[in-house]
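Remarks on the overall topology
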Amino acid sequence: MDQLAQLRSVRLASSELDASVRFATEILGLELVRRDARRAYLRASAGHDHHVQYVRGELGDEALAFELADPGALAATLGALERTGHRIREGTPAERDERLVAELFAVSDPTGNRIELVRGSAGAAACAYTRDAGITSFSHVGLRTTDAPRDEQFWTRALGARVSDWIGEAALLRIDDVHHRIALFPAQRPGIQHVNFQAASIDDVMRSYYFLRDRGVRIVFGPGRHPTSGAVFLYFAGPDDLIYEYSTGVRSIAPGDEATYQPRRFPLAPTSFCMWGALPDIPEFRPEFRPEFRPEFRPEFRPVQR
């Protein structure tokens with residue numbers, strides 16, 4: 001049974017809220033739903049009120065939220081977490097109001113990444129994009145892990161995720177038929193490693209490549225194609241040194257294939273991240289190698305150390 005019905009939203013810390021909103025709307029192409037002096041809510045597609053929330057503050061404010069399908073699924077997930085010894089905290093009324101959800105429970109993975117389990121989120125009928133980047137959905141998040149096998153057990157045993165593939169120790173985890181919704185990348189600290197948005201076509205990814213390059217945004221990986229998911233990708237840096245990704249053509253694993261699907265283990269090497277030969281300028285993607293080529297595009301939005 002799938003316990004986590006849907007990847008709902010990501011909450012990101014912002015050192016300069018104006019810069020984060022400007023990047024998300026003018027560069028990334030999201031719709032600004034609302035904002036105040038401390039928070040900004042942005043949408044990637046129709047269906048939910050928001051998919052990205054920037055909060056002025058420290059990195060400890062970051063969180064990844066999953067929607068539970070019904071009260072039974074929520075109760076089952078909370079029970080699984082309690083049985084495996086994880087401390088659960090019920091969200092306050094203020095936290096529920098801020099996230100626009102009816103129910104909220106928070107738990108941290110063993111590395112310290114905060115996971116929010118929510119139900120009854122607000123919806124929206126349409127999305128008015130700031131620029132046409134071809135975005136179709138908020139699709140997955142990369143998480144840093146200080147112990148990838150340990151955190152993999154947290155996701156699979158307590159939250160019902162399944163491993164689609166590994167790159168070294170980095171597990172690519174699915175909660176539905178999409179190849180991965182969570183990717184665990186070994187690092188020295190917790191935190192959101194990258195945020196992915198699906199685009200409609202390769203043409204959209206390539207148009208964004210030239211759009212970003214011409215505006216001085218630092219391209220950190222790609223264009224390329226992942227041999228794991230099969231997706232064509234482009235990674236680039238935004239404010240606060242957060243990495244964003246566009247991709248298209250991600251592999252699906254149909255429910256009928258679950259019984260026979262076997263995860264593959266790829267070595268920690270450049271060819272496991274890109275079958276076309278692109279080399280990453282992303283620390284978590286290259287702990288044992290360094291790229292021979294680093295693009296010299298300078299970002300318009302000054303990042304801070306993440």
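Residues numbered from 1 in each chain as written. Predicted model: local features only at pLDDT ≥ 70, side-chain atom pairs only at ≥ 80, totals over all residues. Heavy atoms only, no water.

What follows covers the confidence of the model for the protein chain. Averaged over all residues, the pLDDT of the protein chain is 89; the fraction at 70 or higher stands at 92%. Low pLDDT (under 50) marks residues 289-306, which in the prediction has 45 contacts with non-local residues, meaning those over four places away or in another chain. (pLDDT = per-residue confidence, 0-100. Contact = heavy atoms within 4.5 Å.)

Using the criterion set out here, one finds 23 salt bridges in the structure. Here Arg 38 makes a salt bridge to Glu 98, at a shortest N to O gap of 3.2 Å. Of this pair, Arg 38 sits in the loop between strand S2 (31-35) and strand S3 (39-43) while Glu 98 sits in helix H3 (residues 93-99), and the two are 60 residues apart along the sequence. Look at Arg 38 and you get partly exposed, because its relative accessible area is 37%. Of the residues examined, Glu 98 reaches a relative accessible area of 9% and is grouped as buried. Here Glu 95 makes a salt bridge to Arg 89, at a shortest N to O gap of 3.0 Å. Residue class for Glu 95 comes out buried when judged on its relative accessible area of 16%. Residue classification places Arg 89 among the partly exposed positions, given a relative accessible area of 29%. Where salt bridges share partners, they join Arg 11, Asp 36, Arg 38, Arg 39, Glu 98, Arg 99, Arg 114 and Glu 116 into one cluster. (Salt bridge = Lys/Arg side-chain N within 4 Å of Asp/Glu carboxyl O. Helix = DSSP H or I, 4+ residues; strand = E, 2+ residues; numbered from the N terminus. Buried < 20%, exposed > 50% of the residue type's maximum accessible area, 1.4 Å probe, protein only.)

Here we take up the environment of Phe 66. Within the secondary structure, Phe 66 is located in strand S5 (residues 63-67). Along the backbone, Phe 66 and Arg 251 are 185 residues apart, and their C-alpha atoms lie at a distance of 21 Å.

Let us now look at the pairing of S3. Counted residue by residue, S3 has 4 buried out of 5 residues, so it is predominantly covered. Examined bridge by bridge, S2 and S3 share 4 bridges and lie antiparallel to one another. Considered in S3, the bridge of Leu 32 is made with Leu 42. Inspection of the sheet shows S3 paired to strand S4 (residues 52-56) by 4 bridges, in the antiparallel sense. Paired with Leu 42 across the strands is Val 52, a residue of S4. (Pairing = 2+ DSSP bridges.)

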